Amino acid sequence: MDGRRFLVTGGAGYVGSHLVRTLAQRGAEVVVVDDLRQGHRAAVPDGVELVRAEVGDRRRMAEVFAAWKFEAVFHFAALSLVGDSMRDPLRYCTDNLSNSLIVADAAVKAGCLKFILSSTAALFGFPKRIPIDEEAEVAPVSAYGESKLMVERGLAWADQVHGLRNASLRYFNAAGADPSGTIGEDHDPETHVVPLAICAALGTRPPLTVFGTDYPTPDGTCIRDYVHVLDLADAHIRVLERLTQASCRYNIGNGTGYSVREVIDAVERIGGRPVPHILGPRRPGDPAVLVASSAKLREETGWTPRYGALDDIVRTAWNWHANHPKGFDDRS
Ligand SMILES: NC(=O)c1ccc[n+]([C@@H]2O[C@H](COP(=O)([O-])OP(=O)(O)OC[C@H]3O[C@@H](n4cnc5c(N)ncnc54)[C@H](O)[C@@H]3O)[C@@H](O)[C@H]2O)c1
């Protein structure tokens, strides 16, 4: 990817930093815009420009597009906590929609006509069939999911009117870490089960709460589709290479579901320590099973997960957390 330049918003965050690292390793020039509200300077590799700015700041975004000419934008920066979105739905809808469209508008005005959006499985709410493919009905059950759907719709208009070719990548559960152990997941608050289970085992967080043990699944706990962050990064680049003619959308997951119980077992197996946990009641809004069909992505781009096995995902995440008990340790 030598000589190609990309903008990554939210590139100091969890998923974005893994894409930034992959792009840089493949020879691309990358500029990150991130206000570090959740991200970490240390997650951005040396040699990658970090512009510390709020993506909703029109003037700053125009300056960024004036300073560099980009082939495409990867837009990760967003509010992304489902529970939080149900306490403050209007903020989620307003911020995620307007910030995304401000970035898209700056891109269009600068003649950068490729835009890749971090979308989400939360679009599908309680799906009628599993695995969930791109034709499944979109019916979010959270303001977070709704906000991403609104962004997808806004981008469709930008395509129709301005020719902004866009890809909506609906991730299922991002998990794992770069095997180098230098970057990984470090959220505050943390809501994802893999880091919570690992950190409970390491004693760096309280016991894990398992939300619901009476679901209609083999062991009674929820089943989710975990996709490794590096497989996500690879999917972004493969989709970019196809984004010349038409906009597109892809569901991205392993296609294999694992229960919360299976995640706990994997962490105990790999870490060699018990995962302290509490069995709690169900949480409202949690479907029993969410598993992606990524058949379209596989067929059209040749993507196949390198870290499809749960143990591989957990091993890389364990490696990160065990070696960074305080995460990036750069909170001010
Ligand atoms: N992690 C997952 O499992 C998952 C699943 C589905 C979708 N997604 C989507 O993927 C994207 C990345 O998720 P993540 O887990 O890496 O989140 P993250 O919070 O780790 O990363 C987001 C980054 O964006 C930055 N940011 C947020 N709002 C900003 C703003 N207004 N201006 C500038 N910077 C801003 C944060 O500082 C952070 O570095 C999000 O859009 C999220 O909705 C994530």
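No experiment lies behind these values; they were computed from the predicted model shown.

Rules used throughout
- Residues numbered from 1 in each chain as written.
- Predicted model: local features only at pLDDT ≥ 70, side-chain atom pairs only at ≥ 80, totals over all residues.
- Heavy atoms only, no water.
- Helix = DSSP H or I, 4+ residues; strand = E, 2+ residues; numbered from the N terminus.
- Rg over C-alpha atoms; globule rule 2.2 N^0.38 Å.
- Contact = heavy atoms within 4.5 Å.
- Areas by Shrake-Rupley, 256 points an atom, 1.4 Å probe, with all protein chains shown as cover.
- Buried < 20%, exposed > 50% of the residue type's maximum accessible area, 1.4 Å probe, protein only.
- Core = buried A, V, L, I, M, F, W, Y, C linked by side-chain atoms within 4.5 Å.
- 1 Å grid on protein atoms, 1.4 Å probe; cavity = no way out; pocket = protein on both sides within 12 Å on 5 of 7 lines; lining within 4 Å.
- Points joined across faces, edges and corners; volume = space filled by probe spheres on them.
- Nonpolar A, V, L, I, M, F, W, Y, C, P; charged D, E, K, R; others polar.

Asks: Go over the overall build of the protein chain with me, naming the residues and quoting the values.
Replies: Counting secondary structure elements, the protein chain contains ten helices and 14 strands. Taking 332 residues into account, the globule formula puts the C-alpha radius of gyration at 20 Å, and the protein chain, at 19 Å, falls close to it. The dimensions of the protein chain, computed from C-alpha atoms along their principal axes, are 55 × 40 × 40 Å. Residue pairs in contact within the protein chain that sit at least 24 positions apart in sequence constitute 78% of those at least 6 positions apart. Approximately 14200 Å² of the protein chain is accessible, and the part contributed by carbon and sulfur atoms is 51%.

Asks: So what's going on with the environment of Gly184? Residues and values would help.
Replies: By the element assignment, Gly184 lies in the loop between strand E7 (173-175) and helix H6 (193-202). Gly184 gets classed as buried once you look at its relative accessible area, which sits at 3%. Residues Gly184 and Asn319 lie 135 residues apart in sequence; the distance between their C-alpha atoms is 9.2 Å. When sequence neighbours within four positions are dropped, the list of residues in contact with Gly184 reads Tyr14, His18, Ala177, Trp320 and Phe328.

Asks: Please give an account of the nonpolar core that cites residues and values.
Replies: Grouped together as the largest cluster of nonpolar side chains are 38 residues, with contacts concentrated most on Leu23, Phe74 and Ile252. Broken down by element, the residue count for this core peaks at seven residues, all from helix H7 (residues 229-242). Non-local contacts of Phe74, meaning those with residues more than four positions away in its chain, are made with Phe6, Leu7, Val8, Thr9, Leu19, Leu23, Ile116, His236 and Leu240. Judged by nonpolar contacts, the second largest core, of 26 residues, contains Val194, Val263, Val267 and Ile313.

Asks: Tell me about the layout of surface pockets, and please be specific about residues and values.
Replies: Using a probe with the size of a water molecule, rolled over the atoms, empty space left in the structure can be pinpointed. Here the second largest pocket defines a volume of roughly 260 Å³. Taken together, 14 residues form the lining of the second largest pocket, with Glu152, Ala156, Ser168, Arg170 and Arg249 sitting closest to its centre. Those elements that provide at least two residues to the lining of the second largest pocket are helix H5 (143-162), strand E6 (165-171) and strand E11 (248-252). Residue contributions to the lining of the second largest pocket peak at five residues, all from H5. Partitioned by chemical class, the residues of the lining of the second largest pocket number five nonpolar, three polar and six charged.

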